[in-house]
Amino acid sequence: MGMAVPGFGEILSNPGFETGLQGWSALWTREADAGTVALDGREFHGGATSLRIEHRGAKDWSLEAKDRLAVAPGDLVEISAWAKSSEADSDASHLTLCVASRNDFGTVEQWNLGAFPFDRAEGKAGEWRRLRSRFLVPPGVVEVQLRLIGSGVGRLWVDDLSLVKLPGLGELRNKDMPPKITLSNPALDVTLDTGAGAFTVVDRRTGETFRQNPVSPDVVLLNAEAGKAPDDLALRFTLLNAATGMKIEATLRLDPARPEFTLDLAAQGELPGTLHYPGPFLTKPGQYLVVPMNEGISYPVEDPDIQPMDLVAYGGHGICMAFWGVTDGEHGQMAILETPDDAAIRIDRHDGKLDIAPQWEPQKRQFGYPRRLRYIFFDQGGHVAMAKRYRAYAKETGLFRTLEQKRKENPEVDRLIGAVNVWCWDKNAVPFVRELKAAGIDRILWSSAQSPETLKALNDLGVLTSRYDIYQDVMDPAQFPRLRYVHSDWPTAAWPDDLVRNAGGDWVHGWDVETKDGGLYPCGVLSDGQALKYARERVLADLATHPYRCRFIDTTTASPWREDYNPLHPMTRSQCREARMALLKFISADCHLVTGSETGHDAAVPFVDYFEGMLSLGPYRVPDAGREMQRVWDEVPENLSKFQVGHAYRLPLWELVYHECVVAQWYWGDYSNKLPALWDKRDLFNVLYGTPPMFMFDRAGWDKNKERFAQSYRNVAPAVRAVGYSEMTNHRFLTLDRNVQQTTFANGTVVTVNFGSQPYRTPGGTLLAPLGFRVDQAN
């Protein structure tokens, strides 16, 4: 065992393996004899040798330096290493550089402090890459020990490692700063703790105090001062990102009258990882998180079943609107990510309770543009007040455009309101549609492609005719003979020049396609900057012969905005978003088609009329929902029952913001009849939210459940038609167990739903049966 070395500078006795394995422990592997190390005089970064690590097991391994560095809390430590994979980067994809930290008793506090993974380092496959991390020593730690950890089968080389304590951090802090600085307006007192770098907010209207968790250990506040003028309600302070040495200039501006403030962050230089600042506001028993995951969900902060998660703000499989909140049903606070293109939120647990904090991701490995966050505090209104504040923000920023406005430009939009979305791959749709109409299902969005003659007949029957389309996946044509199918919508001409490439120069993998031997082979991802040219060619030619009224564009609002490092068409995430919106605008405005996309994101509200999947929360769908769409499930997965149709968790956040702007639907692998045991409950959600049902069937499925399909339509469609152009003005729980819920709409419609197993008597005296509902319309 090495001794703990004090002082500054490099302390590793053999950082480049020039004296063999002196100063290094033996390779540890979880599985016996699963790995070996050897000196390599042919592959090295510096000197004359490197260390080659070969691992044959599926589980984890570690390699440790014997030398340990003596440290004290608040010290700044830098670790680095050079690493190289074999030709396949997957060989090193799980390699991580880090340290083990120990306390006074020699007990390990953390095994992976300062972790820096191989796949975060710049470089191409097969080239040496530098892994480097800086971190502040947390409280209670007295020594650190350099480690390399990994898992899985692979071969890689490491060389020129370093473990250094850097001087001067304490001298950077302004010792004359006051311990606390406070700004006040009639609604709030906002106090910055200059030692912890965290805020405390007192709502002067209620007396409630909101305390922020101290900042992450890699962020230090160096200097802070308040504005000099009485009307300058600003706090300006400087942060140091210890991991990079980057200084971040921060400005907090308190609104003169309203209970809210903004926080701006600006910096220059490389941001190799995620910046965690500010920390979360601590939560209290009885509160719940408000999260716009798809349609929306609430998580009680004391619920032990909720696992920590990251949700990006730049794609439908994250948060679909750039805000989050915490409330007890009346009081609370929310935050709006005003720069969401390179941002995410982290739901985590502190002291046994869930909370939420922002995460800032790099723009092309740089800090990039200034970032902004807005906090708002509420003395009443709970999640509804939060949604309405975000609705006002959406209007201010140009995201808000109503279906009424869209209908004026394209009258076909009206056919969407109250229409059931039908997915059926029968090539002769006309008999089906006539049977649907005979059963009372009058308003229909027919989503599967048809021949020109069938489309004309369906149009004459008043159907909103549509088809599937996609501008993401591209398959290597050399792989076509291996595949079980070749998709007609793949723009094969895009291979390989128009593919998105990552920072290492490799093409980004998209949808996996089944091969004839039972395996999977990935598509590449089409650059969004190139998608429009393929769409123009395909859609205009299609419309010349096929009289569609509508088009569904898959993945465009579901998959995350992507950075493209392809030198032929480089893009930031912001440019990716702009390109995708240009694609959707082409479909809706230039082609005059009713337009839908997958899952949903409010960046597309001005250009899209409906979202398939907004009602189906992404993490809680059935397994392989997007691959086995037609499979009907008789057994209900626990997670789906609890969250997907869990009325105690669900919130209609999307409807409270955008109900009269975009029609929200179920996912095509999670439709109304997907799980027959939950069909009644899905109808209740549709009625309560003012959203239409979705059916998927073949001839046998239709014949078997014809009356149940008709019942679903009768339950839902009239209410949806009645409120289709109206704002959802309120949503409330009428019982503590949330079994009975009510929504109201701007045209006076009130919908009351009983999700429970017992009857409920409304304040007006009406008895609402279990799984019953009532729709009251204004006279």
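The rules behind the values
- Residues numbered from 1 in each chain as written.
- Predicted model: local features only at pLDDT ≥ 70, side-chain atom pairs only at ≥ 80, totals over all residues.
- Heavy atoms only, no water.
- Axes fitted to C-alpha atoms, helices over the stretch in contact; angles between N-to-C directions.
- Helix = DSSP H or I, 4+ residues; strand = E, 2+ residues; numbered from the N terminus.
- Parallel < 35°, antiparallel > 145°, perpendicular 65-115°, else oblique.
- Left-handed = near helix turned anticlockwise from the far one by under 90°.
- Contact = heavy atoms within 4.5 Å.
- Nonpolar A, V, L, I, M, F, W, Y, C, P; charged D, E, K, R; others polar.
- Expected span 1.5 Å × (residues − 1).
- Buried < 20%, exposed > 50% of the residue type's maximum accessible area, 1.4 Å probe, protein only.
- Salt bridge = Lys/Arg side-chain N within 4 Å of Asp/Glu carboxyl O.
- 1 Å grid on protein atoms, 1.4 Å probe; cavity = no way out; pocket = protein on both sides within 12 Å on 5 of 7 lines; lining within 4 Å.
- Points joined across faces, edges and corners; volume = space filled by probe spheres on them.
- Core = buried A, V, L, I, M, F, W, Y, C linked by side-chain atoms within 4.5 Å.
- Arc of directions from axis to C-beta.
- Pairing = 2+ DSSP bridges.

Undergrad: Lay out the packing of helix α10 (residues 679-689) against helix α11 (residues 699-723) in plain terms, naming residues and giving numbers.
TA: The contact between α10 and α11 brings their axes to 9 Å, and the two run at 20 degrees. Accordingly, the angle class assigned to the pair α10 and α11 is roughly parallel. Every pair of crossing elements has a handedness; the one defined by α10 and α11 is right-handed. Taken together, the residues of α11 that come into contact with α10 (itself represented by Trp-679, Asp-680, Asp-683, Asn-686 and Val-687) are Asn-705, Arg-708, Phe-709, Gln-711, Ser-712, Asn-715, Val-716, Ala-719 and Val-720. Residues belonging to the contact of α10 with α11 are distributed by class as follows: six nonpolar, five polar and three charged.

Undergrad: Could you give an account of helix α6 (residues 528-545), naming the residues involved and the relevant values?
TA: An ideal rise of 1.5 Å per residue puts 26 Å on 18 residues; α6 measures up with 27 Å between its terminal C-alpha atoms. Here α6 has its buried residues at Asp-528, Gln-530, Ala-531, Tyr-534, Ala-535, Arg-538, Val-539 and Asp-542. Buried residues along α6 sit in contact with β32 (468-470), β36 (550-554) and α7 (573-590).

Undergrad: Before we move on, could you go through the pattern of salt bridges and cite the residues and values that matter?
TA: In total, this model carries 59 salt bridges according to the counting rule given. Put simply, Lys-437 and Asp-442 hold a salt bridge, and the shortest N to O gap is 3.1 Å. Here Asp-442 falls in the partly exposed class, since its relative accessible area comes to 45%. With a shortest N-O distance of 2.7 Å, Asp-670 and Arg-682 are connected by a salt bridge. Of the two residues, Asp-670 sits in the loop between β39 (663-665) and α10 while Arg-682 sits in helix α10, which places them twelve residues apart along the sequence. Owing to a relative accessible area of 0%, Asp-670 belongs among the buried residues under this scheme. Each of the salt bridges in this network shares a partner with another, and the network as a whole consists of Asp-255, Arg-258, Glu-260, Asp-264, Glu-338, Arg-372, Arg-374 and Arg-389.

Undergrad: Give a description of unusual backbone geometry that names residues and reports values.
TA: In the segment running from Tyr-277 into Pro-278, the intervening peptide bond is cis, with an omega of -5 degrees. For Pro-278, the position within the fold is in the loop between β20 (260-266) and β21 (288-291). In this structure, the amide linkage connecting Trp-495 to the following residue, Pro-496, adopts the cis form with an omega of -5 degrees. Within the secondary structure, Pro-496 is located in the loop between β33 (473-474) and β34 (509-514).

Undergrad: Mind laying out the packing of helix α4 (residues 429-438) against helix α5 (residues 452-460), listing which residues take part and the relevant values?
TA: To characterise two packed helices, one gives the angle between the axes of the helices and the distance between these axes. Between α4 and α5, whose axes approach to 9 Å, the crossing angle comes to 15 degrees. Between α4 and α5, the crossing angle belongs to the class labelled roughly parallel. In the crossing of α4 with α5, the sense of the turn from one axis to the other is right-handed. Contacts from Ala-429, Val-430 and Val-433 in α4 reach Thr-454, Ala-457 and Leu-458 in α5.

Undergrad: Any details on empty space enclosed by the protein? Residues and values, ideally.
TA: Under the definition given, this model contains four cavities of 30 Å³ or more. As a volume, the largest cavity reaches approximately 70 Å³. Together, Leu-403, Ile-417, Glu-655, His-659, Val-662, Val-663, Ala-664, Gly-690, Thr-691, Pro-692, Val-720 and Gly-724 line the largest cavity. For the lining of the largest cavity, a count of residues per class yields seven nonpolar, four polar and one charged.

Undergrad: Explain the layout of surface pockets to me, using residue names and the numbers behind them.
TA: Approximately 1,200 Å³ is the volume attributed to the largest pocket. In terms of lining residues, the largest pocket is bounded by 49 residues, among which Arg-120, Asp-218, Ala-243, Thr-274 and His-276 are the most central. Only β9 (108-117), β10 (129-136), β23 (309-312), β26 (343-350) and β27 (353-360) provide two or more residues apiece to the lining of the largest pocket. Among the residues forming the lining of the largest pocket, the class breakdown is 21 nonpolar, 14 polar and 14 charged.

Undergrad: Can you explain the nonpolar core? Please cite residues and give values.
TA: Soluble, globular proteins show a tendency: their nonpolar side chains are buried together. If you look at the biggest cluster of nonpolar residues, it comprises 158 residues, and the most contacted ones within it are Phe-237, Val-291, Tyr-299, Leu-337, Tyr-390 and Tyr-658. Take this core: its biggest share by element is seven residues, from helix α2 (residues 382-396). Once residues lying within four places of it in the same chain are set aside, the contact partners of Tyr-658 are Met-321, Tyr-390, Ala-394, Leu-399, Phe-400, Asp-602 and Val-605. Counting residues in hydrophobic clusters, the runner-up holds 34 residues, among them Ile-11, Ile-79, Val-99 and Leu-113.

Undergrad: Account for α5, naming residues and giving values.
TA: Quick reminder: α-helices carry 3.6 residues per turn. Residues three or four places apart thus point the same way. By the burial criterion, the buried members of α5 are Thr-454, Leu-455, Leu-458 and Asn-459. Within α5, the buried residues cover an arc of 135 degrees as seen down the axis, which keeps them to one side. In α5, the exposed positions angled more than 90 degrees off the buried face are occupied by Glu-453, Lys-456 and Asp-460. On the buried face of α5, the contacting elements are α4, β30 (444-446) and β31 (464-465). Gly-462 sits one or two residues past α5 and shows a positive phi near 85 degrees.

Undergrad: If you had to explain the sheet that holds β32 to someone new, which residues and values would you point to?
TA: Pairing within the open sheet is parallel, and its five strands lie in the order β32-β36-β37-β38-β39. Where the open sheet ends on each side, the last strands, each with one partner, are β32 and β39. Direction aside, the axes of adjacent strands within the sheet are offset by 25 degrees on average.

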